[in-house]
Amino acid sequence: AEAVGLYNLGQSCCLNSLLQVFFMNICFTRILRRITVPSSPAQRTNSVPYQMLLLLEKMQRDKCKAIAPTDLASCLSEHKVKLFVQHDAAQLFLTLWNLLKKQMKKPELVEELSDLYTVCIQEHLACQNCSFEIKSNSTMLTLPLPVLDAHSHRLKTLEDCLQYFFHPEEMTGQNMCFCQQCGRQTTFLQSMKLVHLPQTLTLHLKRFCFERSSHTHKLSHNLPFPQELDFNEVLTENQCQADDSEKATWLYELFAVVAHSGSTSCGHYCAYIRSLTECKWYCFNDSEVCQVSWDDVKCTYGHSNLYWRETAYLLIYMKKHPQ
């Protein structure tokens, strides 16, 4: 399949970038192609999965360099996804994914979609005074990774951000919790343990920093990320709650980067995606699509003095040897 661009309908660069990341993922398109076509014209107009399928088919069929995603955009606006406004890629990804999940009628497809993207984490609270502990499992669509530590120091690499995310935290002072066994407020240790990683893993670099003055600024310092990522090397034994067969699949290869350039109030998104069929990198910048090198992708590591330059915001990794 030729890589086809998507015309910008007016600040739709964020949507366009995310759509390309969905469409270039063979595992996703396999699910999308098996949806039930809604019976009435009104339902078809209103169905996000169906409109996405139509757009995908059009991109693969029409021999033009770019296509306008008009029908899908107006379908999304029916579901309260505003047009012609700045979107945050992490939020829009969650919104699109939830709409897809909600509107796919076949339970097995909903399950496959969840399996393809969701991470399973175990949250762990342990009283530091006695043996009392609380464990709860939760799923996440993306891992939201801080790029600064608690003292506002810059984290140096993606691996540092991941280790920091899974680093245990003492809840003392005002953050103390009530311990049922001790019968009073005590110091707890809060930790996250990794239970399961999906086939397609999305990491969200929290580069937009909200300040008390309600002014958002962008953290664009240099943060390298690898082409290959092995979670067994990044996390320690007690940061994982998984058996060996699960851990054996924790080797990932970078599949896509959704990059943001400009400032928070006036920005632009584009996507760098590695074609799974040809193993070549492409840059999808609205209607423009061109082949790029790994060095071009590395330009999205960030640069502290040039905050308007392109900076990676979402990193999408894929399992190298899925079971």
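Residues numbered from 1 in each chain as written. Predicted model: local features only at pLDDT ≥ 70, side-chain atom pairs only at ≥ 80, totals over all residues. Heavy atoms only, no water.

- You'll find the protein entered in an unreviewed UniProt entry as UBP18 hydrolase, with Oreocharis arfaki given as the organism.

1. Focus: the overall build of the protein
Then step 1. Within the protein, the secondary structure is distributed over 11 helices and 18 strands.
Then step 2. In summary, the protein has a C-alpha radius of gyration of 21 Å against a globular reference of 20 Å for 323 residues, a match within 12%.
Then step 3. Projected onto its principal axes, the C-alpha coordinates of the protein cover approximately 65 × 50 × 40 Å.
Then step 4. Here the protein holds 323 residues, and the buried ones make up 49% of them.
Then step 5. Taking contacts inside the protein between residues at least 6 apart in sequence as the whole, the part at least 24 apart equals 66%.
Then step 6. Split by element, the accessible area of the protein, about 16,100 Å² in all, is 50% carbon and sulfur.
Then step 7. The averaged location of the 32 negative side-chain charges in the protein is 5 Å from the averaged location of its 30 positive side-chain charges. (Helix = DSSP H or I, 4+ residues; strand = E, 2+ residues; numbered from the N terminus. Rg over C-alpha atoms; globule rule 2.2 N^0.38 Å. Buried < 20%, exposed > 50% of the residue type's maximum accessible area, 1.4 Å probe, protein only. Contact = heavy atoms within 4.5 Å. Areas by Shrake-Rupley, 256 points an atom, 1.4 Å probe, with all protein chains shown as cover. Lys, Arg positive; Asp, Glu negative; His and termini not counted. Charge placed at Lys NZ, Arg CZ, Asp CG, Glu CD.)

2. As for the side chain of lysine 319
Then step 1. Among the structural elements, lysine 319 can be located in strand β18 (residues 311–319).
Then step 2. No salt bridge is formed by the buried lysine 319; its nearest oppositely charged neighbour, glutamate 246, is found at 4.6 Å.
Then step 3. For lysine 319, the side chain forms a polar contact with the main-chain oxygen of leucine 197, separated by 2.9 Å.
Then step 4. At a separation of 3.1 Å, a polar atom in the side chain of lysine 319 contacts the side chain of threonine 249.
Then step 5. Other than its neighbours up to four places away in sequence, lysine 319 contacts Leu197, Pro198, Gln199, Thr249, Leu251 and Tyr252. (Salt bridge = Lys/Arg side-chain N within 4 Å of Asp/Glu carboxyl O. Polar contact = N/O pair within 3.5 Å; in protein donor to acceptor, adjacent residues only side chain to side chain.)

3. Section: empty space enclosed by the protein
Then step 1. Counted under the stated rule, the structure contains 2 cavities of 30 Å³ or more.
Then step 2. Looking at the largest cavity, its volume works out to about 90 Å³.
Then step 3. Residue lining of the largest cavity: Leu18, Val21, Phe22, Asn25, Phe93, Tyr117, Thr200, Thr202, Phe255, Leu314 and Ile316, and that is the complete set.
Then step 4. Of all the secondary-structure elements, those providing two or more residues to the lining of the largest cavity are α1 (13–23), β10 (200–206) and β18.
Then step 5. Taken together, the residues that form the lining of the largest cavity break down as 8 nonpolar, 3 polar and no charged.
Then step 6. Residue contributions to the lining of the largest cavity reach at least three from each of two domains, namely domain 1 (1–116) and domain 2 (141–166 + 199–322).
Then step 7. Looking at the second largest cavity, its volume works out to about 70 Å³.
Then step 8. Here the lining of the second largest cavity is composed, by residue class, of 5 nonpolar, 3 polar and 1 charged. (1 Å grid on protein atoms, 1.4 Å probe; cavity = no way out; pocket = protein on both sides within 12 Å on 5 of 7 lines; lining within 4 Å. Points joined across faces, edges and corners; volume = space filled by probe spheres on them. Nonpolar A, V, L, I, M, F, W, Y, C, P; charged D, E, K, R; others polar. Domains from an automatic or database assignment.)

4. Some details on the pairing of strand β3 (residues 119–127)
Then step 1. Counting buried positions over the 9 residues of β3 gives 7, a clear majority of the element.
Then step 2. With 8 bridges joining them, β3 and strand β4 (residues 133–140) adopt antiparallel strand pairing. Across the sheet, isoleucine 121 pairs through a bridge with serine 138, a residue of β4.
Then step 3. Counted along the chain from β3 to the antiparallel partner β4, the turn is 5 residues long.
Then step 4. Bridge count for β3 against strand β9 (residues 188–196) is 8 bridges, and the pairing is antiparallel. When the bridges of β9 are listed, alanine 126 appears paired with leucine 189. (Pairing = 2+ DSSP bridges.)

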